[in-house]
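Chain and residue survey
Listed here are the chains, written in short residue letters.
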Amino acid sequence: MQVKAPRGTYDILPPDSSKWHYLEKILRETAALFGYREIRTPVFEHTELFERGVGESTDIVNKEMYTFIDKSERSLTLRPEGTASCARALVEHSLYNGLLPVKWYYIGPMFRYDRPETGRFRQFHQFGVEAFGSNSPYIDAEVIILLVEILNKLGLKNYELHLNSVGCSVCRKEYREKLISYITPVKDRLCPDCRSRYQKNPLRVLDCKNEACHQAIAGYPTIYDSLCDECREHYASVRKALDDNGVSYKHDDNLVRGLDYYTNTAFEVHIPGIGAQSAVGGGGRYNGLVKECGGPDVPGIGFALGMERLLLALDNFDDLNKRMTDVFVAVMEGQYEDIGVKILTDLRRAGIRADKDYTGKSPKAQMKYADKLGAKLVILLGEDEVKNRFLTVRNMKTKEQVKVGHDEIIDFIKRELEVS
Ligand code: AMP
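Okay, so let's go over this structure. Predicted model, so just to flag it, every value in this text is computed and none were measured.

Across four bridges, strand β15 (residues 391-395) lies against strand β16 (residues 401-404) in antiparallel orientation. Following the sheet pairing, L391 is matched in β16 by V404.

Below you can see the structure in the form of structure tokens.
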């Protein structure tokens, strides 16, 4: 019986893998430009980390975790997100005692047992950044500017950035009570999930995907109206910094991160038109998380971008995929294969992307193959070339052919590639 990849997972095949390289390069370069360095954490962690670090009332923890018991009876979970692991690493290595802020980025697969559809997988990839150790609104602005810079570099112009503040533990506590009182009389109109969680976590009702829940609570008091002076000021400073730096956003009262350790700034980016799952990324400030992970009271802020969804939004990769090989060595007669391989090795050792055929294709089929690989130049090696000790170089665009001596071939090819 044929074994297939598990539901919600997929293979990244060439040429698509070059799209991933391209995306990863932009992500890494932009993060470095802003002073963020890479952290790599394990793909699985103790289940408890996510129960505490993501929150027990979330869908991620309640319904979507890949949890298993290992041979030593430990409960482990494939990471559903990256922030909790970063907070754990910060505490485990006592980095909060060092030079602050600690600025990290991560890139890698995440796992959630979710219903697969366009843009939603069970193994998917996230790029994220985390900045620990600063409560300044300007670092909130920095991570948002970094996010927007990534989208700009990818040429994604039609994004929508939503912004809100969810306050601090003090003003949110008051707000929670207000919201619970507002929701209680209409609780029977809520979806079963919201009905069971609104007492414990009323903010989750605001970002419920169920339209009926939104209708039931229409006209609800906003968190913005309940912010304390300090939180209001923080939010105003973030907004001003974004305005000053040319970042456009929309204040969104519905945008909440419904967990206790999320504080102040919350944001989300959508790209309309990539399918029902239009959220490409989200993040916010989580001043209570490091403490929740057993560390001191260290503030933090970050975001995660869904890489599959970014790639869905990018569809202009044709040029990129064609640029596989710069030079193709076409051996016209089988007995000269060994010479062809030597030329190929010389080219590659000189840093030139070169390839040849290994399946005995006819000269005509080799030219077609060279074209498919995107070769700009083809080195032809036939009887005339071998007997008279030269090489023919064909420019695939102009169709011009020139004779070049063996000794000059590398320099010649380099010059030609520079001008083409
Ligand atoms: P979250 O950690 O839920 O805020 O997710 C951050 C981003 O990761 C989302 O905006 C999506 O772009 C992406 N994402 C989350 N879950 C999935 C999934 N199951 N499949 C693909 N991308 C996802």
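Most of helix α4 (residues 83-92) sits inside the fold, with nine of its ten residues counted as buried. Three or more residues of α4 are buried, namely T83, A84, S85, C86, A87, R88, A89, L90 and V91. Against β2 (44-46), α2 (47-53), β5 (102-111), β6 (123-132) and α11 (289-292) lie the buried residues of α4. Looking at the residues trailing α4, positive phi occurs at S94, about 50 degrees.

Below, the discussion takes up the packing of helix α5 (residues 137-153) against helix α10 (residues 229-244). It is at 8 Å that the axes of α5 and α10 come closest, and there the two elements cross at 45 degrees. Between α5 and α10, the crossing angle belongs to the class labelled oblique. In this structure, α5 meets α10 at a crossing whose hand is right-handed. Contacts from P137, Y138, D140, A141, I144 and I145 of α5 reach α10 at H234, S237, V238, A241 and L242. Across the contact of α5 with α10, the residue classes tally to eight nonpolar, two polar and one charged.

This brings us to the sheet that holds strand β13 (residues 354-356). Taken in spatial order, the five strands of this open sheet run β13-β12-β14-β15-β16, and their pairing is mixed. The open sheet terminates on both sides in strands that have one partner only, identified here as β13 and β16. Between one strand and the next, the sheet's axes are offset by a mean angle of 25 degrees, whatever the strand orientation.

Before going further, it helps to examine the packing of aromatic side chains. Inspection of every chain in the model, using the stated rule, returns eleven aromatic pairs. Each ring, one from Y10 and one from F121, has its centre 5.0 Å from the other, and the planes form 50 degrees; the classification is tilted. Of this pair, Y10 sits in the segment before α1 (16-33) while F121 sits in the loop between β5 and β6; the two residues are 111 residues apart in sequence, bridging distant segments of the chain. Classification of F121 by relative accessible area gives partly exposed; the value is 24%. For the ring pair F267 and F303, a centre distance of 6.4 Å and an interplane angle of 70 degrees mean the geometry is edge-to-face. One end of the pair, F267, is in strand β9 (residues 263-270); the other, F303, is in strand β11 (residues 300-306), and 36 residues separate them in sequence.

What counts and what doesn't
- Residues numbered from 1 in each chain as written.
- Predicted model: local features only at pLDDT ≥ 70, side-chain atom pairs only at ≥ 80, totals over all residues.
- Heavy atoms only, no water.
- Pairing = 2+ DSSP bridges.
- Helix = DSSP H or I, 4+ residues; strand = E, 2+ residues; numbered from the N terminus.
- Buried < 20%, exposed > 50% of the residue type's maximum accessible area, 1.4 Å probe, protein only.
- Contact = heavy atoms within 4.5 Å.
- Axes fitted to C-alpha atoms, helices over the stretch in contact; angles between N-to-C directions.
- Parallel < 35°, antiparallel > 145°, perpendicular 65-115°, else oblique.
- Left-handed = near helix turned anticlockwise from the far one by under 90°.
- Nonpolar A, V, L, I, M, F, W, Y, C, P; charged D, E, K, R; others polar.
- Phe/Tyr/Trp six-rings, centres within 6.5 Å; stacked < 30°, edge-to-face > 60°.

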